[in-house]
Amino acid sequence: MKKIECIIKPFKLEDVKSALSDLGISGMTVSEVRGFGRQKGHTELYRGAEYQIDFIPKVKIELVIASEQVAPVVDAVQRAAATGRIGDGKIFVLDVEESIRIRTGETGVDSL
């Protein structure tokens, strides 16, 4: 099993959710997060004064999937989240040792 963590632009969430749904992915966790990478934030004008915004609003998507689903899921997220501009985000793939469904006690891929 693998855990996929995606950091994307907030307005791309529905596109990514739709792309994952088309692949049969039925569950995910979504968090509103803030951060920056190479884009280093931006400046905003408020009441005539400039302010440096260091942390940009982003969305973090987390999902655990069977190992054989990694390539299509990563491809779908990459296509759906891309704008071609700096700050599109990142995708991380991590190993998951075990998964347990609390309600039924199912383990492994059956618990997903």
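Our subject is the structure listed above.
Now for a quick tour of the structure.

How each quantity is defined
- Residues numbered from 1 in each chain as written.
- Predicted model: local features only at pLDDT ≥ 70, side-chain atom pairs only at ≥ 80, totals over all residues.
- Heavy atoms only, no water.
- Core = buried A, V, L, I, M, F, W, Y, C linked by side-chain atoms within 4.5 Å.
- Buried < 20%, exposed > 50% of the residue type's maximum accessible area, 1.4 Å probe, protein only.
- Helix = DSSP H or I, 4+ residues; strand = E, 2+ residues; numbered from the N terminus.
- Contact = heavy atoms within 4.5 Å.
- Salt bridge = Lys/Arg side-chain N within 4 Å of Asp/Glu carboxyl O.
- Axes fitted to C-alpha atoms, helices over the stretch in contact; angles between N-to-C directions.
- Parallel < 35°, antiparallel > 145°, perpendicular 65-115°, else oblique.
- Left-handed = near helix turned anticlockwise from the far one by under 90°.
- Nonpolar A, V, L, I, M, F, W, Y, C, P; charged D, E, K, R; others polar.

Quick look at the nonpolar core
Next up, step 1: Counting residues in each nonpolar core, the largest one holds 19 residues, and the members touching the most others are Ile4, Val16, Ile61, Leu63 and Val73.
Next up, step 2: Listing elements by their share of this core, those giving two or more residues are strand E1 (2-8), helix H1 (13-22), strand E5 (56-65) and helix H2 (70-81).
Next up, step 3: Ranked by the residues each element gives to this core, the list is headed by H2, at 7 residues.
Next up, step 4: In contact with valine 73, not counting residues within four places along its chain, are Ile4, Leu20, Leu23, Ile25, Leu63 and Ile65.

A word on the pattern of salt bridges
Two side chains bearing opposite charge may form a pair once their charged atoms approach each other closely.
Next up, step 1: Across all of its chains, the model carries 8 salt bridges by this definition.
Next up, step 2: Lysine 2 is the salt-bridge partner of aspartate 95, the closest N and O atoms lying 2.3 Å from each other. Pair noted here: aspartate 95 is in strand E6 (residues 89-95) and lysine 2 is in strand E1, with a separation of 93 residues, a long-range link.
Next up, step 3: In this structure aspartate 95 comes out as exposed when scored by relative accessible area, which is 64%.
Next up, step 4: For aspartate 15, the salt bridge goes to lysine 12, with nearest N and O atoms at 3.4 Å.
Next up, step 5: Taking relative accessible area as the criterion, lysine 12 reaches 13% and is therefore assigned buried.
Next up, step 6: Look at the salt bridges and you will find they share partners, linking Lys3, Glu5, Lys60 and Glu62 into a network.

Brief notes about the packing of H1 against H2
Next up, step 1: Packing of H1 against H2 brings their axes to within 8 Å, and their N-to-C directions diverge by 150°. With respect to each other, H1 and H2 are oriented roughly antiparallel. Taken as a pair, H1 and H2 cross one another with a handedness that is right-handed. Contacts between H1 and H2 involve Asp15, Val16, Ala19 and Leu20 on the former and, on the latter, Val73, Ala76, Val77, Ala80 and Ala81.
Next up, step 2: A per-class count over the contact of H1 with H2 returns 8 nonpolar, no polar and 1 charged.

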